[in-house]
Amino acid sequence: MEIVKRFFQPSKTSYFLFGPRGTGKSTWLRQQYKHAIWLDLLDPGEHRLYLARPERLRELVAGRPHVKYVIIDEVQKAPVLLDVVHELIESNSSLRFVLTGSSARKLRRGAANLLAGRLVEASFHPFMAAELGDAFDLNRALQLGMVPLVMGSKDPNATVRAYASLYLREEVQAEALVRDVGAFARFLEAISFSHGSVLNLAEVARECHVGRKTVEGYLDILVDLLLAFRIPVFTRRAKRHLIRHEKFFYFDAGVYRSLRPCGPLDRPEEIEGMALEGLVAQHLRAWLAYRQSSAELYYWRTKAGTEVDFVVYGPDIFYAIEVKRAGNIHRKDVRALRAFLADYPEARAVVIYLGKNRLVVDGVPCIPCDEFLLGLSPSEKIDNLYNFALPPGESRR
């Protein structure tokens, strides 16, 4: 696969770079920092060496005094190095560290606290459609996802199927994060039914034959491993009774598809609908991260069941987004957005759907999904996707 230019913009100071395995962190860093000191903690020999004697990092840096950048890849494998990093940052203001991690669990629960305020946190995500440009294929993305490791594989189907097993073997089992790896593997499958849905942990616990508290712990591990994320309900200035539970998503549509069981009793359109919603979610999440914006991703759902899939809210942006797995849009499809706009007239609303034409239905712009995703760039606001003429007599709301 050809080298793809990524949207990620590095900090000018030292930083943590978190992202799931296979998203291209190391590839990008090797292109960006060609002359840096590099520690690869996935290498067993190097891992063993620095785990046994972390002060060796100080010696390594002293031996190359003219090098400005030090990259420590998969730093969660040896958190003891953070004490030395802390010392080096304090003693040499010109030195810059980039510490990558595909798991935030040990770092956020341990010595990383010593670096609070000294290293900013950044995140790396699967490809965005706009990064791929003409190479983006919506149908392929819905089946295999957007993880570079998968997309660049000679056998992407086998690679995406093996992806979760890689984490089970190299993160969960190797780091002894759970006592029962088999139960955790069942959990990965059981919670796939909650992808794109409101979380019901009691139901997931019944499916896994474990207690609710165990499932809560498993979910925390899944999020710390960067394999999943949750989005809260938008409750600002609420005028209606809203539910309080979060929505759950695997970080990539292809990983979700690989874990979601599919049999004669499963409706393909339901699975594909959740994959589509997840694909949009991961794009919005990456878009917000790469914009380095304080805006956040939410959803909106009343106790009566009226739901808007995504709400993007921040100091300078306010969008309500509905995702429809349909080739056409009718007035009933925009009722939830109209209800949201009645409560929040300041918001901009849009429907993303699988049709080929831009539409305006009951005052709500409707944009083909591939066109929306390809137009989603961190340097642009979503407003730019609205720049098309409305039919006579129509308003944007």
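Draft legend 1. Just the sheet that holds strand S8 (residues 247-250), in detail. A sheet is described by the order of its strands in space; here 3 strands give the open sequence S6-S8-S7, paired in antiparallel fashion. The outermost strands of the open sheet, each flanked by one partner alone, are strand S6 (197-198) and strand S7 (228-231). Two strands pair when backbone bridges link them, and S7 and S8 are joined in this way by 4 bridges, in the antiparallel orientation. What sits directly across from Ile 231, in S8, is Lys 247. In the packing of helix H14 (residues 268-291) onto the sheet, contacts are made with S6, S7 and S8, and the angle to S8 comes to roughly 85 degrees.

Draft legend 2. Just empty space enclosed by the protein, in detail. Applying the stated criterion across every chain yields a total of 2 cavities of 30 Å³ or more. By volume, the second largest cavity amounts to about 30 Å³. Taken together, Tyr 163, Ala 164, Leu 188, Leu 222, Leu 227, Tyr 250, Val 255 and Leu 259 form the lining of the second largest cavity. Elements that contribute at least two residues to the lining of the second largest cavity include exactly helix H9 (156-173) and helix H13 (253-259). Residues that form the lining of the second largest cavity fall into these classes: 8 nonpolar, no polar and no charged.

Draft legend 3. Structural context of the environment of Val 181. When you line up the elements, Val 181 lands in helix H10 (residues 181-190). Relative accessible area serves as the criterion here: at 23%, Val 181 is assigned to the partly exposed category. Spatially, the C-alpha atoms of Val 181 and Cys 262 are 22 Å apart, while their sequence positions differ by 81 residues. If sequence neighbours within four positions are ignored, Val 181 has contacts with Leu 168 and Gln 173.

Draft legend 4. Spotlight on the pattern of salt bridges. Per the stated rule, a full pass over the model turns up 22 salt bridges. Residue Lys 324 is joined to Glu 322 by a salt bridge in which the shortest nitrogen-to-oxygen separation is 3.4 Å. Connected via shared salt-bridge partners are Lys 247, Glu 277, Arg 301, Glu 307 and Asp 309.

Scoring rules and cut-offs
Residues numbered from 1 in each chain as written. Predicted model: local features only at pLDDT ≥ 70, side-chain atom pairs only at ≥ 80, totals over all residues. Heavy atoms only, no water. Pairing = 2+ DSSP bridges. Helix = DSSP H or I, 4+ residues; strand = E, 2+ residues; numbered from the N terminus. Contact = heavy atoms within 4.5 Å. Axes fitted to C-alpha atoms, helices over the stretch in contact; angles between N-to-C directions. 1 Å grid on protein atoms, 1.4 Å probe; cavity = no way out; pocket = protein on both sides within 12 Å on 5 of 7 lines; lining within 4 Å. Points joined across faces, edges and corners; volume = space filled by probe spheres on them. Nonpolar A, V, L, I, M, F, W, Y, C, P; charged D, E, K, R; others polar. Buried < 20%, exposed > 50% of the residue type's maximum accessible area, 1.4 Å probe, protein only. Salt bridge = Lys/Arg side-chain N within 4 Å of Asp/Glu carboxyl O.

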